[in-house]
Amino acid sequence: MKKIFIPIFFLYAISFFSCGQKNTKKELQKANKKNITDVRSYTGNAFIFSDPEIYRARCFIIPVDEKDTTTFRKLNVEKGIKGRICIQMFLGHSDLLKLVNDRNKDIISYKACNLPKDSMFFSRVFISYKNCVEIKRTDAKGNVDDSCNSKLVERTDSTEGFFYIYQ
C-alpha cells in the first residue's frame, strides 16, 4: 500500500503545481494587457493638439492618465503622450478660437508617432464629451492598443462636449 501511495502523492503534487502555474500565467497576461481607451466618450485631462494653420478645424486629443490637476499642469508633454491613443475630432469655430487664443499654448518640438506634424500647438485641457461615433478607416492597421494609434470620431450632436483650458 505504501508503494502505491508515494507515486499517487507525487502525481498529485505535480498536477497541483502545474495548475497553479497556469493561473499565475493568466493573471500576468491580464496585468500586461494594455487598457483600451473608449474614444466615443471621454472625461478627464488631455492634451489637445491643433494645426498651426488656424483655418483647419481638426484637432488631436490625447487623453492622459493623470487625474491630479496640479500634477497635470507640470507634466512633460513627451512623457504624457507616449504610448497613448490619439483621437481626431473636428471642432466648431468657437472651440477652435478657444485653442487659438490660449495664451499658455506651446509648440511640440519633435515628431510624435500619432500626430501628423512635428510642429503643432498643444494646450492642456480638461475635456468631456460623449455620444460620438468612431469612423472606421480602411487603412487602419489593427487599432487595438493605445500605442501610436489614431482614431477618428465624429460628434453626433453639436451640444455634446466641452473643454476647459487650464490657465
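Before reading on, note that the structure itself is shown above.
Description of the structure in this document. (Residues numbered from 1 in each chain as written. Predicted model: local features only at pLDDT ≥ 70, side-chain atom pairs only at ≥ 80, totals over all residues. Heavy atoms only, no water.)

### Observations concerning the overall build of the chain
Okay, step 1: Within the chain one finds 4 helices and 8 strands.
Okay, step 2: For the chain, the sequential pattern of α-helices and β-strands runs α-β-β-α-α-β-α-β-β-β-β-β.
Okay, step 3: The 167 residues of the chain split such that 32% are buried.
Okay, step 4: In the chain, of all internal contacts separated by at least 6 residues, the share reaching a separation of at least 24 is 72%.
Okay, step 5: When the accessible surface of the chain is summed, it comes to about 11,300 Å², and 57% of that surface belongs to carbon and sulfur atoms. (Helix = DSSP H or I, 4+ residues; strand = E, 2+ residues; numbered from the N terminus. Buried < 20%, exposed > 50% of the residue type's maximum accessible area, 1.4 Å probe, protein only. Contact = heavy atoms within 4.5 Å. Areas by Shrake-Rupley, 256 points an atom, 1.4 Å probe, with all protein chains shown as cover.)

### A closer look at the packing of aromatic side chains
Okay, step 1: This model, assessed by the stated rule, comprises 5 aromatic pairs.
Okay, step 2: Residues Phe-47 and Phe-122 carry aromatic rings whose centres are separated by 5.8 Å and whose planes lie at 80° to one another, so their mutual orientation is edge-to-face. Here Phe-122 lies in strand β5 (residues 121-129) and Phe-47 lies in strand β1 (residues 42-50), a separation of 75 residues in the sequence.
Okay, step 3: What makes Phe-47 buried here is its relative accessible area of 0%.
Okay, step 4: Ring centres of Phe-72 and Tyr-166 lie 5.8 Å apart, and the angle between their planes is 65°; on these two criteria the pair is classed as edge-to-face. (Phe/Tyr/Trp six-rings, centres within 6.5 Å; stacked < 30°, edge-to-face > 60°.)

### Remarks on the nonpolar core
Okay, step 1: If you look at the biggest cluster of nonpolar residues, it comprises 18 residues, and the most contacted ones within it are Ile-48, Ile-61, Met-89, Val-125, Ile-127, Tyr-129 and Phe-163.
Okay, step 2: Residue assignment for this core shows that the elements contributing at least two residues are β1, β2 (58-63), β3 (86-90), β5 and β8 (162-165).
Okay, step 3: Of all hydrophobic cores here, the second largest spans 15 residues; its members include Ile-62, Val-64, Cys-86 and Phe-122. (Core = buried A, V, L, I, M, F, W, Y, C linked by side-chain atoms within 4.5 Å.)

### Re the environment of Asp-102
Okay, step 1: Residue position: Asp-102 is located in the loop between α4 (93-100) and β4 (106-107).
Okay, step 2: Considered as a pair, Asp-102 and Ile-165 are 63 residues apart in the sequence and their alpha carbons are 7.5 Å apart.
Okay, step 3: Among all residues touching Asp-102, those that are not within four sequence positions of it are Ser-123, Ile-165 and Gln-167.

### Some words on the side chain of Ser-50
Okay, step 1: Along the chain, Ser-50 falls in strand β1.
Okay, step 2: In this structure Ser-50 touches Arg-58, Leu-99, Met-120 and Phe-121, once residues within four positions along its chain are discounted.

### Notes on the pairing of β8
Okay, step 1: Of the two faces of β8, only one is covered, namely that formed by Phe-163 and Ile-165; the face formed by Phe-162 and Tyr-164 stays uncovered.
Okay, step 2: Note: β5 against β8, 4 bridges, orientation antiparallel. Paired with Phe-126 across the two strands is Tyr-164, which belongs to β8. (Pairing = 2+ DSSP bridges.)

### Topic: the pattern of salt bridges
Okay, step 1: Under the criterion given, the structure shown has 4 salt bridges.
Okay, step 2: With its nearest N and O atoms 3.6 Å apart, the salt bridge here joins Arg-84 to Asp-65. Linking Arg-84 in the loop between α3 (77-81) and β3 with Asp-65 in the loop between β2 and α2 (69-74), this pair joins segments that are 19 residues apart in sequence.
Okay, step 3: Overall, Arg-84 belongs to the buried group, its relative accessible area being 14%.
Okay, step 4: Given a relative accessible area of 55%, Asp-65 falls into the exposed group. (Salt bridge = Lys/Arg side-chain N within 4 Å of Asp/Glu carboxyl O.)

### Quick look at the environment of Lys-79
Okay, step 1: Tracing the backbone through its elements, the reader meets Lys-79 in helix α3.
Okay, step 2: For Lys-79, a relative accessible area of 64% corresponds to the exposed category.
Okay, step 3: Each C-alpha atom, one on Lys-79 and one on Val-64, is 9.8 Å from the other, the two residues being 15 residues apart in sequence.

### Here's the deal with the environment of Phe-60
Okay, step 1: For Phe-60, the location among the structural elements is in strand β2.
Okay, step 2: Take Phe-60: its relative accessible area is 2%, and that puts it in the buried class.
Okay, step 3: Each C-alpha atom of the pair Phe-60 and Asn-114 lies 9.0 Å from the other, and the pair is 54 residues apart in sequence.
Okay, step 4: Not counting chain neighbours up to four residues away, the residues in contact with Phe-60 comprise Phe-47, Ile-48, Phe-49, Cys-86, Ile-87, Gln-88, Leu-115, Pro-116 and Met-120.

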